[in-house]
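What the coordinates show
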Amino acid sequence: MSSPGFDTSNALVALSNNLADTVEQVGGAVVAVNAGTRISPSGIHWRNGIIVTSDESLQRYDEITVTLSNGSTVPVTVIGHDSSTDVAVFKIENADIPVANIGDAKTLKVGNLVLGLGRSSEGDIRAAIGAVSVVSGAWRSMSGGNIDQFIRPDIRLYPGLAGGPLIDAAGSVVGMNTSGRRGTALTIPASTVNRVVDQLLAKGHIARGYLGLGMQPVRLPKNLKTALNLSSAAGVIVVNVEPNGPADNAGVLIGDVLVTLDGTLVNDTGDVLALLNSGDRVGKTIKVQLIRAGALVELPIFIGERPVL
């Protein structure tokens, strides 16, 4: 039962009209990405002349076109892509379409209403509405990408909505939608997309740290953990050292057990990859703690850049 003096029907009509207005305002920055797939993913005019989309939705990176809000189709050229964060970046020339208003996903709270937008290859805008069901801290994708926040919107990711924007109640793009497990929607936050775009614009690829080591996880004996006052009972043992690589030049030996990198605990090889994949330590010297012959040793290692294959 509605409260006296409160017109529920008018409130619902106002909400409905506001949502439709938001779709109309933001939708101009949403394109369809035609990349040889049966269903074209969507893309976002993220910055002037820059289109971002879901990398996993693409079958190729050449001869790609995008369909704009007026139904016209124009070519784009690839700048780069990062499968670990599911972001692909393209350049569009003389695009007469709005640039998305990029917001901050950190403002999202569980329960906030959000919109997912997409565009069909015929030029029609598509929308899905729902609430934010999960917001939590940083996480690492299965391929080792560092994602600033875990965001799961309770929206149905209809075919073609992957690569499109997640819109908050203020009409700002707070991230890019992609497919999670079992078809659920996940959102790559705007801060992560921005970081990837910046790196791809600067280098054309994502800089990855490089040690030149072969490693595998290992459990530490309890007495060794106690004797060395270690906070973790695991590390990674070095099984191969590439000659003249960063680790070799720093004096790392086969049989050494790495326990921390730059102050971060190392429990398995995934922890090492996560630190190296962030790219922010490339070209810097970090401290590595390792166990050698039962003693704790600290070495400085200059982090190189992994060669681009």
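Structure's up top.
In this convention, every chain numbers its residues from 1, walking through the sequence in written order. Only residues with pLDDT of at least 70 get local features here, since the model is predicted, and only at 80 or more are side-chain atom pairs given and counted; chain-wide, interface and lining totals rely on the full set of residues. To obtain the side-chain values, all non-hydrogen atoms of the structure were used and water was disregarded.

**Focus: the overall build of the protein**
For the record, the criterion: For helices the rule is a DSSP run of H or I covering at least 4 residues; for strands it is a run of E covering at least 2, with both sets numbered from the N terminus onward. Burial status follows relative accessibility: with a 1.4 Å probe on protein chains alone, a residue under 20% of its type maximum counts as buried, one over 50% as exposed, and anything between as partly exposed. Only heavy atoms matter for contacts: two residues are in contact if any of them lie within 4.5 Å across the pair. In these tables, accessible area is a Shrake-Rupley quantity obtained with a 1.4 Å probe, and a residue counts as shielded only by the protein chains included in the view. We treat Lys and Arg as the positive residues and Asp and Glu as the negative residues; His and chain ends play no part in the count. Charge positions come from single atoms, namely NZ of Lys, CZ of Arg, CG of Asp or CD of Glu.
The helix and strand tally for the protein stands at 5 helices and 22 strands. Judged by the C-alpha coordinates and their principal axes, the protein covers about 75 × 55 × 30 Å. Every one of the 309 residues in the protein was classed for burial, and the buried ones make up 47%. A separation of at least 24 residues holds for 60% of the contacts in the protein among residues at least 6 apart in sequence. With an accessible surface of roughly 15,200 Å², the protein has 52% of that area assigned to carbon and sulfur atoms. With 24 positive and 27 negative side-chain charges, the protein shows a separation of 8 Å between the mean positions of the two kinds.

**Remarks on unusual backbone geometry**
The backbone of Glu63 shows a phi angle near 55°, a positive value even though the residue is not glycine. Checked against the element boundaries, Glu63 lands in the loop between strand S3 (50-54) and strand S4 (64-67). The phi torsion at Asn229 lies on the positive side, around 55°, for a residue other than glycine. Inspection of the secondary structure assignment puts Asn229 in the loop between helix H3 (222-227) and strand S17 (234-241).

**As for the pattern of salt bridges**
Using the following cut-off: By salt bridge we mean one thing: a side-chain nitrogen of Lys or Arg within 4 Å of a carboxyl oxygen of Asp or Glu.
Within the structure shown, the criterion is met by 8 salt bridges. Two residues, Asp198 and Arg47, come together in a salt bridge whose shortest N-O distance is 2.8 Å. Of this pair, Asp198 sits in helix H2 (residues 190-203) while Arg47 sits in strand S2 (residues 42-47), and the two are 151 residues apart along the sequence. The class of Asp198 is partly exposed, set by a relative accessible area of 41%. With its nearest N and O atoms 2.4 Å apart, the salt bridge here joins Asp82 to Arg208. Highlighted residues: Asp82 in strand S5 (residues 73-82) and Arg208 in the loop between H2 and strand S15 (209-210), separated in sequence by 126 residues. Summarising the burial analysis for this pair, Asp82 and Arg208 share the class buried.

**Here's the deal with a nonpolar patch on the surface**
Note the threshold: Each patch is built from residues that are more than 30% exposed by relative accessible area and take part in no salt bridge. Like charges join if they lie within 9 Å; nonpolar side chains (Val, Leu, Ile, Met, Phe, Trp, Tyr) join within 5 Å.
On the surface, a cluster of nonpolar side chains totalling about 360 Å² of accessible area is made up of Leu12, Leu15, Leu113 and Ile129. Of note, Leu113 is situated in strand S7 (residues 113-119).

**Topic: the packing of aromatic side chains**
Here a ring pair, both rings aromatic, is described through the centre-centre distance and the interplanar angle of the planes. Just so we agree on the cut-off: Note on aromatic contacts: the rings of Phe and Tyr and the six-membered ring of Trp form a pair at centre separations within 6.5 Å, being stacked when their planes are under 30 degrees apart, edge-to-face when over 60 apart, and tilted otherwise.
Across all of its chains, the model carries 1 aromatic pair by this definition. The interplanar angle of 75° and the centroid separation of 5.5 Å between the aromatic rings of Trp139 and Phe150 together place this pair among those described as edge-to-face. Here Phe150 lies in strand S11 (residues 150-153) and Trp139 lies in strand S9 (residues 139-140), a separation of 11 residues in the sequence. Of the residues examined, Phe150 reaches a relative accessible area of 18% and is grouped as buried.

**Details of the nonpolar core**
The condition that has to hold: Throughout, nonpolar core names a set of buried Ala, Val, Leu, Ile, Met, Phe, Trp, Tyr and Cys residues whose side chains join them through atoms within 4.5 Å.
Among the nonpolar cores identified, the biggest contains 24 residues, and Trp46, Val52, Val87, Val89 and Val193 are the most heavily contacted of them. Broken down by secondary-structure element, the contributors of at least two residues to this core are helix H1 (8-27), S2, S3, strand S6 (87-91), S7, strand S13 (173-179) and H2. Looking at this core element by element, the count peaks at 5 residues for H2. Discounting chain neighbours no more than four positions away, the residues touching Val89 are Ile50, Ile51, Val52, Val78, Ile79, Gly80, Val197 and Leu200.

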